[in-house]
Amino acid sequence: MPLVGRCTCPAANGESSGPERIVMAVKLHHVPPRLACGAFILNTGVTKRSLDAEGAAGLRDQAANAFPFLKKVDPVHFGKALSAFEIALGTALLAPVVPTWAAAAVLSGFSAALMRVYLKTPGMTRDDGIRPAPAGMGIARDVFMLGSGLGLLVEELAAKGD
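Values in this document were obtained by computation on a predicted structure and should not be read as measured data.

Conventions used here
- Residues numbered from 1 in each chain as written.
- Predicted model: local features only at pLDDT ≥ 70, side-chain atom pairs only at ≥ 80, totals over all residues.
- Heavy atoms only, no water.
- Axes fitted to C-alpha atoms, helices over the stretch in contact; angles between N-to-C directions.
- Helix = DSSP H or I, 4+ residues; strand = E, 2+ residues; numbered from the N terminus.
- Parallel < 35°, antiparallel > 145°, perpendicular 65-115°, else oblique.
- Left-handed = near helix turned anticlockwise from the far one by under 90°.
- Contact = heavy atoms within 4.5 Å.
- Nonpolar A, V, L, I, M, F, W, Y, C, P; charged D, E, K, R; others polar.
- Buried < 20%, exposed > 50% of the residue type's maximum accessible area, 1.4 Å probe, protein only.
- Salt bridge = Lys/Arg side-chain N within 4 Å of Asp/Glu carboxyl O.
- Core = buried A, V, L, I, M, F, W, Y, C linked by side-chain atoms within 4.5 Å.
- Phe/Tyr/Trp six-rings, centres within 6.5 Å; stacked < 30°, edge-to-face > 60°.
- Lys NZ or Arg CZ within 6 Å of the ring centre and 35° of its normal.

## Quick word on the packing of helix 1 (residues 31-48) against helix 3 (residues 75-94)
Turning to step 1, where the next piece is worked out: Axis separation between helix 1 and helix 3 bottoms out at 7 Å; the angle between their running directions is 155°. In terms of their interaxial angle, helix 1 and helix 3 are classed as roughly antiparallel. Note that helix 1 runs across helix 3; the crossing there is left-handed. In this structure, helix 1 uses R34, L35, C37, G38, A39, I41, L42, T44, G45, V46 and K48 to contact helix 3, whose residues at the interface are L82, S83, E86, I87, L89, G90, T91, A92, L93 and L94.
Turning to step 2, where the next piece is worked out: Each residue belonging to the contact of helix 1 with helix 3 can be placed in one class, and the counts come to 12 nonpolar, six polar and three charged.

Structure, rendered in structure tokens:
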């Protein structure tokens, strides 16, 4: 069942129209994964706003291990774009007016891209190519965001099929 909020919204003529029922796009059990992932991603996006050129180049180069076309992108531009995207995604996950299917689809895609970076960057995994090496622990945790996004998305798609 979606969350339901109540508010008093002014009518077009400025008079109070009384309490209006607003149905939000989030089911109560969607709140924990959306809140956890959204807060984490929003924080990383805000933190990246102050990246220096060297830090931006490191992020860009790491991403280019999985997506070679990124090597041609200016590092500072890449850092700013990544920061803006993370802020937007984190905000979308935290905003109950954004439908879960939409937020979950973007979260799943972003997390899958992070998993590709993890798998393609030398030194991130142990010899088996899956389990994280000590250097890969920071990005390997993003598998939980992928699981959260896919879980929410599968539920939303299954509910639309009913």
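## Here we look at the side chain of T121
Turning to step 1, where the next piece is worked out: Within the secondary structure layout, T121 lies in the loop between helix 4 (100-120) and helix 5 (137-140).
Turning to step 2, where the next piece is worked out: Since its relative accessible area comes to 10%, T121 is described here as buried.
Turning to step 3, where the next piece is worked out: Among residues more than four places away in sequence, those in contact with T121 are Q62 and N65.

## As for the pattern of salt bridges
Should the charged atoms of two oppositely charged side chains come close, the side chains can pair.
Turning to step 1, where the next piece is worked out: Tallied over the full model, the rule gives six salt bridges.
Turning to step 2, where the next piece is worked out: Between K71 and D61 there is a salt bridge whose closest N-O contact spans 3.0 Å. Of this pair, K71 sits in the loop between helix 2 (53-66) and helix 3 while D61 sits in helix 2, and the two are 10 residues apart along the sequence.
Turning to step 3, where the next piece is worked out: D61 gets classed as partly exposed once you look at its relative accessible area, which sits at 29%.
Turning to step 4, where the next piece is worked out: Its salt-bridge partner being R131, residue D128 comes within 2.7 Å of it at the nearest N-O pair.
Turning to step 5, where the next piece is worked out: Since its relative accessible area comes to 40%, D128 is described here as partly exposed.
Turning to step 6, where the next piece is worked out: For R131, a relative accessible area of 48% gives the class partly exposed.
Turning to step 7, where the next piece is worked out: Look at the salt bridges and you will find they share partners, linking K27, E155 and E156 into a network.

## Some details on the nonpolar core
Turning to step 1, where the next piece is worked out: Ranked by internal contacts, the top residues of the largest apolar core, which has 14 residues, are I41, L93, L107, F110 and M145.
Turning to step 2, where the next piece is worked out: Ranked by size, the runner-up nonpolar core spans eight residues in total, among them A66, M115, M124 and L146.

## Topic: the packing of aromatic side chains
Turning to step 1, where the next piece is worked out: Across all of its chains, the model carries two aromatic pairs by this definition.
Turning to step 2, where the next piece is worked out: A ring pair is formed by F67 and F69, whose centres lie 6.4 Å apart and whose planes are at 65°; its orientation type is edge-to-face.
Turning to step 3, where the next piece is worked out: For F69, a relative accessible area of 56% gives the class exposed.
Turning to step 4, where the next piece is worked out: Centroid distance F85 to F110: 5.3 Å. Interplanar angle 50°. Geometry classified as tilted. Here F85, found in helix 3, pairs with F110, found in helix 4; they are 25 residues apart in sequence, far enough to count as distant.
Turning to step 5, where the next piece is worked out: Residue F110 is classed as buried on the basis of its relative accessible area of 10%.
Turning to step 6, where the next piece is worked out: The positively charged end of R116 is found above the aromatic ring belonging to F67, 5.4 Å away from the centroid.

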